[in-house]
Amino acid sequence: MNVRCTVQKDMCSGCGACTSACSANCISMSYDREGFLYPSIDASRCSDCGACLNVCPAYAVHSMPDIRYRPISAYAAWHTNEQIRKESSSGGVFSALSQEVLRNGGIIFGAALKISHMHVEHCGIEHESALGKLRGSKYVQSRAEHLFPDVKKQLLTGRKVLFSGTPCQIAALRAYLNKGYDHLICCDFVCAGVASPGVFRSYGAFLEKSFGSQIISLEFRDKSRGWKNNGLFTVRFQSGKTYSRLLRREPFGYGYVRGIFSRPVCYRCWMKNFRSPADITLGDFWGVEKLFPALKDDRGISMVLILSENGKKLFDRCGCVEKVESRVDDIIRVKKKLIHSVPSPKERTDFFNEYETRNMHYLVKRYLHKTWGKMIRDRCMRILKRRTT
């Protein structure tokens, strides 16, 4: 048996652990028509050894007992360095955790945007000066499978490792390693799904054509005008021009928030409701002022969930973090995405049916353009949701 025969496509997270586990090197990752990566197997070389299934988190979660990782404690927290806090999507706690690991000779693995290829992939860093490229949200699915062997190599030397990724990437790494390491800390985040890498590349090409210049930098959550409203989607071009709009009103940002081009498994994520084997979960602490009125500001506050003793030890050692302890149940009440998957919008099927044949200009106008009618509809939906929770 192998992953292609056993795991349904709409349950595959694209983690790529199977490619790293295959000793015959007969598994590669290939893009499908929606721009997502899936395993492709050379049947002539596959021996049906089952190594790929042994590391597949989607297979494990449906074939093994349902394990939940209830948080030990919860906090509202932020970095004491205001510049780092400004450059971070929320409160800068990931940077604080990374600094502590790096100062003790460790290594950090996390997602970085390669702007020249409009591509997100994991990389390892060993110096604080490089931490900036791992900082900030990247709503596009990152490739991480190529680093799993390197993570294992670092752990076998006894080196401290902090691995940051989506909950399904954390599950994939744990399955690939197949044993616990006290010097491995896994940090995930409150995930609302991952966007199609193919759509992201197409949108980047659309922006470059529209502005007549090459993109030199992109921020999904630019906080230059504050943290609230998810910040700005800001793109800078070689010509010196800058394109900047509120994330929720910008075409790519609107499509992501609506879930129009999320990966199929994200609509019924098997990591929700505390199934992720992370040590620490981070996220924006939206609504923090309702629980702690004194923390009302527009600079960014992180929600921190401690899920293991190892995670607690690392967080407690971070001297550059201000924190206020919260009740776990209060956080669960305001962070519904910890429990529930992103809903699949009705226009998703039509979007991808036309994605193959239509240009991005057409797709933006038809599916990703936030009209006043859509804004009123979304506003009403948010009000109704608040009244029913």
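Refer to the structure presented above.
So, here is what we can say about the structure in this document.

Cut-offs and rules
- Residues numbered from 1 in each chain as written.
- Predicted model: local features only at pLDDT ≥ 70, side-chain atom pairs only at ≥ 80, totals over all residues.
- Heavy atoms only, no water.
- Helix = DSSP H or I, 4+ residues; strand = E, 2+ residues; numbered from the N terminus.
- Rg over C-alpha atoms; globule rule 2.2 N^0.38 Å.
- Buried < 20%, exposed > 50% of the residue type's maximum accessible area, 1.4 Å probe, protein only.
- Contact = heavy atoms within 4.5 Å.
- Areas by Shrake-Rupley, 256 points an atom, 1.4 Å probe, with all protein chains shown as cover.
- Lys, Arg positive; Asp, Glu negative; His and termini not counted.
- Charge placed at Lys NZ, Arg CZ, Asp CG, Glu CD.
- Salt bridge = Lys/Arg side-chain N within 4 Å of Asp/Glu carboxyl O.
- Pairing = 2+ DSSP bridges.
- Axes fitted to C-alpha atoms, helices over the stretch in contact; angles between N-to-C directions.
- Arc of directions from axis to C-beta.
- Disulfide = S-S within 2.5 Å.

Comments concerning the overall build of the protein chain
Across its full length, the protein chain holds 16 helices and 13 strands. For 389 residues, the compact-globule estimate of 2.2 N^0.38 gives 21 Å, and the C-alpha radius of gyration of the protein chain, at 21 Å, lies within 12% of that figure. With the C-alpha coordinates of the protein chain rotated into their principal frame, the extents come out at 55 × 50 × 45 Å. The proportion of buried residues among the 389 residues of the protein chain is 55%. A separation of at least 24 residues holds for 69% of the contacts in the protein chain among residues at least 6 apart in sequence. Carbon and sulfur atoms make up 50% of the accessible area of the protein chain, which totals about 18,000 Å². Here the protein chain holds 61 positive side-chain charges and 36 negative ones, and the gap between their average locations is 5 Å.

A closer look at the pattern of salt bridges
If you walk through the whole model with that rule in mind, you get 28 salt bridges. In this structure, Asp329 and Arg70 form a salt bridge, with 2.7 Å as the shortest nitrogen-oxygen distance. With Asp329 in helix α13 (residues 328–334) and Arg70 in the loop between α4 (57–63) and β3 (73–79), this pair connects stretches of sequence that are 259 residues apart. You can call Asp329 partly exposed: its relative accessible area is 39%. Since its relative accessible area comes to 49%, Arg70 is described here as partly exposed. Of the charged contacts, one joins Glu347 and Arg258 as a salt bridge, the two residues approaching to 2.7 Å between their closest N and O atoms. One end of the pair, Glu347, is in the loop between α13 and α14 (348–355); the other, Arg258, is in helix α10 (residues 251–258), and 89 residues separate them in sequence. One salt-bridge network, in which partners are shared between bridges, spans Arg70, Arg327, Asp329, Asp330 and Arg333.

Considering the sheet that holds strand β9 (residues 232–237)
Pairing is antiparallel in the open sheet, where three strands are placed in the order β8-β9-β10. Edge positions in the open sheet fall to β8 (215–222) and β10 (242–246), since each of these has one partner strand only. With strand direction ignored, the average angle separating the axes of adjacent strands in the sheet is 10°. Helix-sheet contacts for helix α9 (residues 197–211) involve β8, β9 and β10, and the interaxial angle to β9 is about 55°.

Overview of helix α7 (residues 148–156)
Phe148, Val151, Gln154 and Leu155 are the residues of α7 that are buried. On an axial view of α7, the arc spanned by its buried residues comes to 120°, and they lie on one face. α7 presents Lys153 and Leu156 as exposed residues on the side facing more than 90 degrees away from its buried surface. As for α7, its buried residues are in contact with α2 (17–21), β4 (107–114), β6 (161–164), α8 (167–177) and β7 (184–189). Of the residues flanking the end of α7, it is Gly158, one or two places downstream, whose phi is positive at about 90°.

What about the environment of Asn54?
Mapped onto the secondary structure, Asn54 falls in helix α3 (residues 51–54). Linking Asn54 and Ala21, residues 33 residues apart in sequence, is a C-alpha distance of 8.6 Å.

Notes on unusual backbone geometry
The phi dihedral of Asn25 is positive, around 55°, even though this residue is not glycine. Examined against the element boundaries, Asn25 turns out to sit in the loop between α2 and β1 (27–31). At Met118, a residue that is not glycine, the phi angle is positive and equals roughly 45°. Overall, Met118 belongs to the buried group, its relative accessible area being 8%.

Re the sheet that holds β7
In space, the eight strands of this open sheet follow the order β5-β4-β6-β7-β11-β12-β3-β13, with mixed pairing throughout. Both outer strands of the open sheet, β5 (119–125) and β13 (321–326), are each paired with one neighbouring strand and no more. Across the sheet, the mean angle from the axis of one strand to that of its neighbour is 25°, orientation sign disregarded. Taken together, the three bridges between β4 and β6 define a ladder with parallel strand orientation. Among the inter-strand pairings, Phe109 is bridged to a residue of β6, identified as Phe163. Set on the sheet, helix α6 (residues 93–103) makes contact with β3, β4, β5, β6, β7, β11 (280–284), β12 (302–306) and β13; between it and β4 the angle comes to about 135°. On top of the sheet, α8 reaches β5, β6 and β7; it is set at about 155° to β7, its chief contact.

Concerning the pairing of strand β2 (residues 37–41)
Here β2 lies mainly inside the structure; four of its five residues are buried. Taking the residues that link successive antiparallel strands as the turn, the β1-β2 hairpin has five residues, and the phi of Gly35 there is positive, at about 90°.

Quick word on the state of the cysteines
Throughout the structure, instances matching the rule amount to zero disulfides. There is no disulfide at Cys26, and the cysteine sulfur nearest it, in Cys22, is 3.5 Å away. Unpaired in this structure, Cys269 has its nearest cysteine sulfur neighbour in Cys168, at a distance of 6.4 Å.

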